[in-house]
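# What the coordinates show
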Amino acid sequence: MVPGTASLDADDRRRPNGQKGMMDTEQTTPDCTDELENRVAGLVAGGGGTLQLADGVYGLDRTLVLPKDVSLCMTPHAILRARPGFRGDAIVLKDAGDAARHHPGGWIRGGVIDGGQQPLTGLKVVRTSRLEIADIEIRNATFKGIHVDAGYEVNISHVRCNNDLDKPYAPGSIGIHYSSGDSGVHLAHIIGFETGLRSDAFSCHFTQVHVWNYDASQGPMPYCFYCNGHCDTYLQCYADSPTRAGFHVLKPSQTFIACRTYYSRWAADNAGAGVLVGPGGGHGTYLGNGYFAHPEHKLAKAFDGNLEGTTILGESYRDNVVMGGRECRIPAGDGAGAQPPLTVSGPGLRLTPRATPPGPADG
């Protein structure tokens with residue numbers, strides 16, 4: 001074994017007593033909690049390292065805590081599974097401790113964290129910064145997939161938070177939840193939660209996040225993206241099948257570029273909004289986003305709510321299914337200095353329709 005690592009090998013996982021893991025074909029999942037905790041303690045005693053898990057199923061009766069200098073690396077078919085009657089709120093907890101605010105948090109990479117259809121959080125991050133979470137599936141943790149509760153630069157990439165389509169989510173469930181800022185998500189799929197992605201943070205970046213669910217059995221998804229973070233950015237995100245709004249924007253100065261909203265085929269006809277802006281969510285920027293719906297479940301408004309100081313340009317709307325709220329606007333000053341006035345020198349801006357293309361003198 002490589003120094004600084006702790007792994008369960010294939011021979012261990014095939015042992016009849018199941019003390020070090022079992023293949024997924026077995027009827028029951030053995031409890032590996034003590035074994036994994038002992039391996040983590042050994043890594044800590046040696047100054048830190050990586051807990052490595054090979055393909056197989058590793059049952060947990062309680063939360064597995066990864067301290068400051070311990071990372072987790074799993075092969076694609078390694079599964080950490082919460083056993084029935086699991087004790088704790090999160091299956092895996094990354095907690096670097098009070099004295100480690102600026103300490104590199106390492107990584108959590110690969111494999112599957114399986115909640116076994118229990119109302120749990122798959123992975124929770126507290127008191128940890130500079131952490132990379134990648135190439136992992138959080139499966140059937142029906143309360144939250146990933147919750148970043150503290151720290152900064154906790155970045156997520158190539159992740160799938162997925163609940164079975166034929167099972168209901170837990171009340172108040174969230175696929176990916178950020179409570180702290182200066183972090184980012186790149187390429188994530190979130191399936192089967194009450195809210196797909198929620199940010200209560202600041203200065204976060206969310207790129208290529210696809211949120212959807214199967215309303216008929218999992219339950220409705222009122223908001224795909226709950227945008228409660230100041231100065232967050234959403235790029236090429238897909239709000240798929242909300243029943244109220246694709247993006248619910250509650251804090252100011254957020255940016256949305258090349259995002260899409262598809263209004264739910266289970267929701268009421270001629271209702272909902274692509275972007276619903278709350279009283280404090282103005283002064284945002286929306287560029288090149290798209291809005292569409294099923295003909296029998298038309299979207300009432302592309303934009304609704306407080307659009308004060310908002311820039312909206314280049315939006316696209318599917319004919320006959322987006323009924324109202326179509327906007328194209330550039331703010332021209334609010335008198336209080338929060339938004340400077342729009343000043344055009346000479347014939348540099350022309351908004352009236354023309355039969356022929358404008359010449360150079362027309363702007």
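Residues numbered from 1 in each chain as written. Predicted model: local features only at pLDDT ≥ 70, side-chain atom pairs only at ≥ 80, totals over all residues. Heavy atoms only, no water.

### So, the overall build of the chain
We apply this condition: Helix numbering and strand numbering both begin at the N terminus, where a helix is a DSSP run of H or I of at least 4 residues and a strand a DSSP run of E of at least 2. Only protein chains enter the calculation, and the probe is 1.4 Å; a residue is then buried if its accessible area is under 20% of its type maximum, exposed if over 50%, and partly exposed in between. A contact between two residues is defined here by any heavy atoms of the two lying within 4.5 Å. The method behind every accessible area is Shrake-Rupley, applied with a 1.4 Å probe, and residues are considered shielded solely by the protein chains displayed.
Looking only at helices and strands, one finds three helices and 28 strands in the chain. Burial status across the chain gives 50% buried among its 363 residues. Sequence separation of 24 or more characterises 61% of the internal contacts of the chain that already satisfy a separation of 6 or more. A total accessible area of about 15800 Å² is found for the chain, and carbon and sulfur atoms account for 52% of it.

### A short note on the pairing of strand 13 (residues 184-191)
Keep this limit in mind: A pair of strands is treated as paired once DSSP finds two or more bridges between them.
As paired strands, strand 11 (residues 154-162) and strand 13 are joined by six bridges and run parallel to one another. Looking at strand 13, one finds that Ile156 is bridged to Val185. One ladder, built from seven bridges, connects strand 13 with strand 15 (residues 205-212); its direction is parallel. When the sheet's bridge partners are listed, His189 is paired in strand 15 with His210.

### Things to note about a nonpolar patch on the surface
Worth spelling out the cut-off: Put simply, a patch holds well-exposed residues, over 30% relative accessible area, that have no salt bridge, with like charges counted together within 9 Å and Val, Leu, Ile, Met, Phe, Trp or Tyr side chains within 5 Å. Salt bridges are counted wherever a side-chain nitrogen of Lys or Arg sits within 4 Å of a carboxyl oxygen of Asp or Glu.
A surface patch of nonpolar side chains, about 580 Å² in accessible area, is lined by Leu235, Ile257, Leu287, Leu313, Ile330, Leu342, Val344 and Leu349. Tracing the backbone shows Leu287 in strand 23 (residues 285-287). Overall, the relative accessible area of 31% leaves Leu287 in the partly exposed class.

### Some details on the nonpolar core
When a protein is soluble and globular, its nonpolar side chains tend to lie buried together. For the record, the criterion: Only buried residues count toward a nonpolar core. Its members are Ala, Val, Leu, Ile, Met, Phe, Trp, Tyr and Cys residues joined through side-chain atoms within 4.5 Å.
Leu80, Ile133, Val209, Phe225 and Phe247 are the most contacted members of the largest nonpolar core, which has 73 residues in total. Top contributing element to this core by residue count: strand 5 (residues 78-95), with six residues. If sequence neighbours within four positions are ignored, Ile133 has contacts with Ile108, Leu123, Val125, Ile146, Val154, Asn155, Ile156, Ser157 and Val159.

### Focus on the pattern of salt bridges
Close approach of charged atoms lets side chains of opposite charge pair. According to the stated counting rule, one finds 11 salt bridges in the structure shown. A salt bridge links Arg81 to Asp114; its shortest N-O distance comes to 3.2 Å. Here the residue Arg81 occupies a position in strand 5, and Asp114 occupies one in strand 7 (residues 112-118), the gap between them amounting to 33 residues. On the basis of relative accessible area, Asp114 is assigned to the buried category, the value being 5%. In this structure, Asp304 and Lys301 form a salt bridge, with 3.5 Å as the shortest nitrogen-oxygen distance.

### Regarding empty space enclosed by the protein
Our working definition: Any residue with an atom within 4 Å of a point lines the site, the site being either a cavity, points on a 1 Å grid over the protein atoms alone where a 1.4 Å probe fits but cannot get out, or a pocket, an open set with protein on both sides within 12 Å along at least 5 of 7 lines. Grid points are joined across faces, edges and corners, and a volume is the space filled by probe spheres set on the points. Only Asp, Glu, Lys and Arg are considered charged in this grouping, and only Ala, Val, Leu, Ile, Met, Phe, Trp, Tyr, Cys and Pro are considered nonpolar; every other residue, Gly among them, is considered polar.
In total, this model carries one cavity of 30 Å³ or more according to the counting rule given. In this structure, the largest cavity occupies an estimated 40 Å³ of space. For the lining of the largest cavity, the secondary-structure elements that each account for two or more residues are strand 21 (260-263) and strand 24 (290-293). Of the residues contributing to the lining of the largest cavity, the split by class is six nonpolar, three polar and one charged.

### A closer look at the environment of Val321
Tracing the backbone through its elements, the reader meets Val321 in the loop between strand 27 (316-317) and strand 28 (322-324). Considered as a pair, Val321 and Asn270 are 51 residues apart in the sequence and their alpha carbons are 8.3 Å apart.

### Things to note about the side chain of Thr121
Checked against the element boundaries, Thr121 lands in strand 8 (residues 121-126). Its relative accessible area of 6% is what places Thr121 among the buried residues.

### Some details on helix 2 (residues 33-45)
In plain terms, the rule: Expected span of a helix: the number of residues minus one, times 1.5 Å. Here, the arc refers to the directions that run from the helix axis to the C-beta atoms.
For helix 2, with 13 residues, the first-to-last C-alpha span of 18 Å sits near the 18 Å given by 1.5 Å per residue. Those residues of helix 2 that sit buried are Thr33, Leu36, Arg39, Val40 and Leu43. All buried residues of helix 2 lie within an arc of 135 degrees about the axis, which places them on one face of the element. Relative to its buried face, helix 2 has exposed residues pointing more than 90 degrees away, namely Asn38 and Ala45. Immediately downstream of helix 2, the backbone of Gly47 shows phi near 95 degrees, a positive value.

### A word on the packing of aromatic side chains
Note the following rule: Here a pair means two rings of Phe, Tyr or Trp (six-membered ring of Trp) with centres within 6.5 Å. Their orientation is stacked below 30 degrees between planes, edge-to-face above 60, and tilted elsewhere.
Taken as a whole and assessed by the stated rule, the structure comprises 15 aromatic pairs. Plain terms: the ring middles of Phe206 and Tyr234 are 5.1 Å apart, the flat faces sit at 35 degrees to each other, and that makes the pair tilted. Here Tyr234 lies in strand 17 (residues 233-235) and Phe206 lies in strand 15, a separation of 28 residues in the sequence. Geometrically, the ring pair formed by Phe225 and Phe247 is stacked, given 4.8 Å between the ring centres and 10 degrees between the ring planes. Placement of the pair is Phe225 in strand 16 (residues 223-227) and Phe247 in strand 19 (residues 245-249), with a sequence separation of 22 residues.

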